[in-house]
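Here is how the chains run, residue by residue.
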Amino acid sequence: MCDWIVSELGPEVPIHFSAFHPDYKMRDRSRTPVDTLRRARQIALNAGIHYPYTGNVHDMDGASTYCHGCGEMLLERDWYALGAYRIRNSQCEVCGTRCAGVFEERVGTWGRRRLPLVIQ
């Protein structure tokens, strides 16, 4: 699948490997092991995908964005909290490699907190 994504869609297409959690009517199935997601992410990296991610598990390395030029962590994600932010003008601050996506000039103030929602 990863080889097909690279050849047909390109290496900049992000791919997310999300864990299954047993809930509601599927409580008889076990959750996806974190190691399975990490292995899938590594397969994607080896195939040449620039932005593979793990999801629905606590895996800061797998959730963060890295420069495909120099390997620097560009955008650190730890659940909903953002840490390191090394992207300027959609480029890696360290080596200048272009990072696919639309980015703000600085990290926002969103994160782990509840925000009020008004429905009218």
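What comes next is a walk through the structure. Only a predicted model underlies this, so the values are computations on that prediction, with no experimental measurement involved.

1. Considering helix H2 (residues 34–47)
Phase 1 of the analysis: Taking 1.5 Å of rise per residue, the 14 residues of H2 would be expected to cover 20 Å, and the 20 Å separating its terminal C-alpha atoms lies within 8% of that figure.
Phase 2 of the analysis: Lining the buried residues of H2 we find helix H1 (2–9), strand S1 (15–18), strand S2 (52–55), helix H3 (60–63) and strand S3 (65–66).
Phase 3 of the analysis: Backbone geometry just downstream of H2 places Gly48 in the positive-phi region, at approximately 105°.

2. Quick look at the sheet that holds strand S4 (residues 73–78)
Note on sheets: strands pair through backbone hydrogen bonds, and any given pair is parallel or antiparallel.
Phase 1 of the analysis: Strand order across the open sheet formed by three strands is S3-S4-S5, with antiparallel pairing between neighbours. Strands at the two margins of the open sheet, each flanked by one partner only, are S3 and strand S5 (81–85).
Phase 2 of the analysis: Strand direction decides the pairing type here: S3 and S4, joined by two bridges, are antiparallel. Bridge pairing in S4 links Tyr66 to Met73.

3. Comments concerning the environment of Val57
Phase 1 of the analysis: Structurally, the position occupied by Val57 is in the loop between S2 and H3.
Phase 2 of the analysis: According to the relative accessible area criterion, Val57 is buried, its value standing at 14%.
Phase 3 of the analysis: A C-alpha to C-alpha distance of 9.1 Å links Val57 and Pro33, two positions 24 residues apart in sequence.
Phase 4 of the analysis: Here Val57 is in contact with Ala19, Val34, Leu37 and Trp79, once residues within four sequence places are set aside.

Here is what the cut-offs are and how they apply
Residues numbered from 1 in each chain as written. Predicted model: local features only at pLDDT ≥ 70, side-chain atom pairs only at ≥ 80, totals over all residues. Heavy atoms only, no water. Helix = DSSP H or I, 4+ residues; strand = E, 2+ residues; numbered from the N terminus. Expected span 1.5 Å × (residues − 1). Contact = heavy atoms within 4.5 Å. Pairing = 2+ DSSP bridges. Buried < 20%, exposed > 50% of the residue type's maximum accessible area, 1.4 Å probe, protein only.

So, to be careful, I would describe these as geometric facts and stop short of saying anything about function.
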